[in-house]
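Working through the structure, step by step
Below, each chain spelled out in residue letters.
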Amino acid sequence: MPSTTNLPLQCPVCSNRLDLLAADTGQGRLACPSGHSFDAARQGYYNLLVGKGTAFEADSSAMVQARSDFLGNGHYAPLADAVAAAVVPFLPEAGAAVLDSGTGTGHYLRSLLDAAAAQGRTVAALGLDISKFALRRAARINPEAVNLVCDIWQPLPLADSSVDAVTVIFAPRNAAEFARVLRPSGRLVVVTPRKGHLASLAAVTGMLGIGEDKEARLAEAMSGHFSAETTIDVDIPLALTRREAADLAFMGPAGHHLDRDALLVRLDGLPEPVAAGAKFQLMVFRPGKHAAG
């Protein structure tokens with residue numbers, strides 16, 4: 001079972017502390033002093049959605065499978081390395097805690113934990129996502145992390161000033177809650193696609209385009225709680241099989257309205273390898289209300 005030693009979890013019902021308790025099944029459960037309890041799913045994650053749950057659409061099993069296959073082939077390894085390089089230097093050598101919000105299959109968190117371990121740093125990790133299909137895989141590759149089904153627009157199940165870093169990779173951003181759970185010395189790392197990201201592939205598949213003002217809107221949304229510290233562009237040239245190109249198109253938000261079989265038909269006439277260019281922006285923010293520059 002994962003450890004919550006450096007992760008003061010909070011009950012989503014009463015905000016009391018949640019502790020990880022052993023169970024006869026070996027899976028464990030999260031419980032608070034008020035008696036609220038959340039059993040681990042067989043796959044190792046916990047569902048903390050309460051009340052009416054969430055109105056947001058979670059990634060489907062097929063979308064998660066496409067993402068797992070694509071990322072497993074190492075195509076976005078330079079981005080995973082860049083995220084780890086942006087986070088690990090800010091972590092204390094012992095007792096560090098990291099929140100990966102929108103963890104998906106846990107791919108980027110795995111790279112971060114491996115990079116931290118290589119430097120002798122121990123890290124308690126929490127992975128949040130709204131998709132139980134994604135968290136099944138996240139719990140498998142990050143068994144030392146606590147993986148929770150949560151809605152990012154609800155209060156995060158963490159105490160104030162409890163983590164050293166928050167990573168948000170292609171996921172929604174609740175700036176107020178991130179600022180609440182981050183320690184004063186912590187960092188928020190946000191990755192978003194830049195203009196021109198996968199443009200040639202989008203033209204064929206019908207993927208969603210990147211808005212002209214996306215970067216400016218991100219900075220504005222964060223400015224009430226964070227100061228922008230560093231911005232890094234990560235460009236990755238891709239040479240893909242048609243099936244890998246279909247996985248790439250289907251694994252993101254466009255997967256909610258694209259049909260995978262139709263994607264393969266659209267891509268069938270393209271010569272292999274299918275060339276595409278991934279363009280990302282990695283922004284590092286520090287807590288504080290004064291925007292940089």
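Each remark here, short or long, concerns the structure printed above.
In this section: the overall build of the chain. Scanning the chain for helices and strands turns up 9 helices and 12 strands. The buried share of the chain, taken over its 293 residues, is 48%. For the chain, contacts bridging at least 24 residues in sequence account for 69% of all contacts bridging at least 6. Only carbon and sulfur atoms are counted for the fraction: they give 51% of the accessible area of the chain, which is about 13,000 Å².

Another aspect to go through is the packing of helix H8 (residues 242-250) against helix H9 (residues 260-267). Across the interface, H8 lies against H9 with an axial gap of 9 Å and an inter-helix angle of 135 degrees. Between H8 and H9, the crossing angle belongs to the class labelled oblique. By crossing handedness, the relation of H8 to H9 is classed as right-handed. Residues Arg242, Arg243, Ala245, Ala246, Asp247, Ala249 and Phe250 of H8 form the contact with H9, whose own contacting residues are Arg260, Leu263, Leu264 and Leu267. Class assignment for the residues of the contact of H8 with H9 results in 7 nonpolar, no polar and 4 charged.

Here we come to helix H4 (residues 132-141). Looking only at H4, the buried set comprises Ala134, Leu135, Arg137, Ala138 and Ala139. Buried residues along H4 sit in contact with helix H1 (61-72), strand S7 (123-129) and strand S8 (146-149).

Side chains that are three or four residues apart share a direction in an α-helix, a result of its 3.6 residues per turn. Regarding helix H2 (residues 77-87), the residues found buried are Leu79, Ala80, Ala82, Val83, Ala84, Ala86 and Val87. In this fold, the buried residues of H2 make contact with helix H3 (107-118), strand S9 (163-169), strand S10 (182-193), strand S11 (226-240) and strand S12 (274-287).

As a further point, take the side chain of aspartate 151. With respect to the helices and strands, aspartate 151 occurs in the loop between S8 and S9. On the basis of relative accessibility, which here comes to 8%, the residue aspartate 151 falls in the buried class. There is a polar contact of 3.0 Å between the side chain of aspartate 151 and the backbone nitrogen of tryptophan 153.

Formed by 51 residues in total, the largest nonpolar core has its most connected members in Tyr76, Leu198, Leu201, Leu238 and Leu248. Discounting chain neighbours no more than four positions away, the residues touching leucine 201 are Met207, Ala245, Leu248, Leu267, Val274 and Ala276. Counting residues in each nonpolar core, the second largest holds 37 residues, with Leu128, Val166, Val168 and Met283 among its members.

The rules behind each value
Residues numbered from 1 in each chain as written. Predicted model: local features only at pLDDT ≥ 70, side-chain atom pairs only at ≥ 80, totals over all residues. Heavy atoms only, no water. Helix = DSSP H or I, 4+ residues; strand = E, 2+ residues; numbered from the N terminus. Buried < 20%, exposed > 50% of the residue type's maximum accessible area, 1.4 Å probe, protein only. Contact = heavy atoms within 4.5 Å. Areas by Shrake-Rupley, 256 points an atom, 1.4 Å probe, with all protein chains shown as cover. Axes fitted to C-alpha atoms, helices over the stretch in contact; angles between N-to-C directions. Parallel < 35°, antiparallel > 145°, perpendicular 65-115°, else oblique. Left-handed = near helix turned anticlockwise from the far one by under 90°. Nonpolar A, V, L, I, M, F, W, Y, C, P; charged D, E, K, R; others polar. Polar contact = N/O pair within 3.5 Å; in protein donor to acceptor, adjacent residues only side chain to side chain. Core = buried A, V, L, I, M, F, W, Y, C linked by side-chain atoms within 4.5 Å.

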